[in-house]
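# Topology and contacts: notes
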Amino acid sequence: EPEVTQTPSHQVTQMGQEVILRCVPISNHLYFYWYRQILGQKVEFLVSFYNNEISEKSEIFDDQFSVERPDGSNFTLKIRSTKLEDSAMYFCASSESWDSRSNTFFGQGTRLTVV
Amino acid sequence: AQTVTQSQPEMSVQEAETVTLSCTYDTSESDYYLFWYKQPPSRQMILVIRQEAYKQQNATENRFSVNFQKAAKSFSLKISDSQLGDAAMYFCAYRSGETSGSRLTFGEGTQLTVNP
């Protein structure tokens, strides 16, 4: 069964460093998302991406964050200068179409720890 | 803005018994979709079931079914014949049908324990 894959599964970084989280969405999916889950809290939307541009972003997604689809398969989330409060589980997700009838499938997540 | 509320932080059930997880939501939209996601200890988010707001019939997926009360804005998940593998965090989520490709809005989650 096709799945969304994320790498790495766990990333530890020093405060102030840049990190790139990587995702390979399901191959025929056209819409991509990043969500964040701080430990013990709800899952929060960060950004959606379609046709090589951001479709929607939340108030969390400030100038420290950026997304990119550098090639035909990868979808990345970059945090330019990490802060302690960026420590969280980051989920990549994808859906087949823009139509809300299409389900959203999640990757297994990347646990980011900022020290 | 839409909100999703899960008022049960924790629930427990005996193996083979039935449990119901509650979810309420608030929206002014008439076209939307509701979901239950399961998050086991591995932390991956797994889709359990979805419900279209325009459908009166409650969705079912094997042992999982929902009780969708549109007027009350309630969307509960019933798990029948609970199994040890059902133990997980369960999130209720809302997605607009009026804004294409819109975000999922999640509730706070309910931690389900299944006792042998």
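One structure accompanies this document, and this report is about it. (Residues numbered from 1 in each chain as written. Chains lettered and ligands numbered in written order. Predicted model: local features only at pLDDT ≥ 70, side-chain atom pairs only at ≥ 80, totals over all residues. Heavy atoms only, no water.)

Turning to the state of the cysteines, a few remarks are in order. Scanning the model with the defined rule gives two disulfides over all chains in all. One disulfide bridge connects C23(A) with C92(A), the sulfur atoms lying 1.9 Å from each other. For the disulfide bridge between C23(A) and C92(A), the dihedral angle about the S-S bond is near -65°, and by the sign convention the bridge is left-handed. Here C23(A), found in strand β3 (residues 19-24), pairs with C92(A), found in strand β9 (residues 88-95); they are 69 residues apart in sequence, far enough to count as distant. Both residues of the pair, C23(A) and C92(A), belong to the buried class. Paired through a disulfide, C23(B) and C92(B) show a sulfur-sulfur distance of 2.0 Å. (Disulfide = S-S within 2.5 Å. Helix = DSSP H or I, 4+ residues; strand = E, 2+ residues; numbered from the N terminus. Buried < 20%, exposed > 50% of the residue type's maximum accessible area, 1.4 Å probe, protein only.)

The next subject is the interface of chain A and chain B. At the junction of the two partners, chain A supplies 24 residues and chain B supplies 24 residues. Of the roughly 2100 Å² buried where chain A meets chain B, counting both sides, 46% is carbon and sulfur surface. Summed over the shared surface of chain A and chain B, the number is one salt bridge. Across the pair R103(B) and E56(A) runs a salt bridge, and its minimum N-O distance is 3.0 Å. The interface formed by chain A and chain B holds ten residue pairs in polar contact (both at pLDDT 80 or more) in total. Mapped by element, the contributors of at least two residues to the side of chain A that touches chain B are β4 (31-37), β5 (43-50), β6 (53-57), β9 and β10 (104-106) of chain A. Taken together, the residues that form the side of chain A that touches chain B break down as nine nonpolar, nine polar and six charged. (Contact = heavy atoms within 4.5 Å. Buried area = accessible area lost by both parts, 1.4 Å probe. Salt bridge = Lys/Arg side-chain N within 4 Å of Asp/Glu carboxyl O. Polar contact = N/O pair within 3.5 Å; in protein donor to acceptor, adjacent residues only side chain to side chain. Nonpolar A, V, L, I, M, F, W, Y, C, P; charged D, E, K, R; others polar.)

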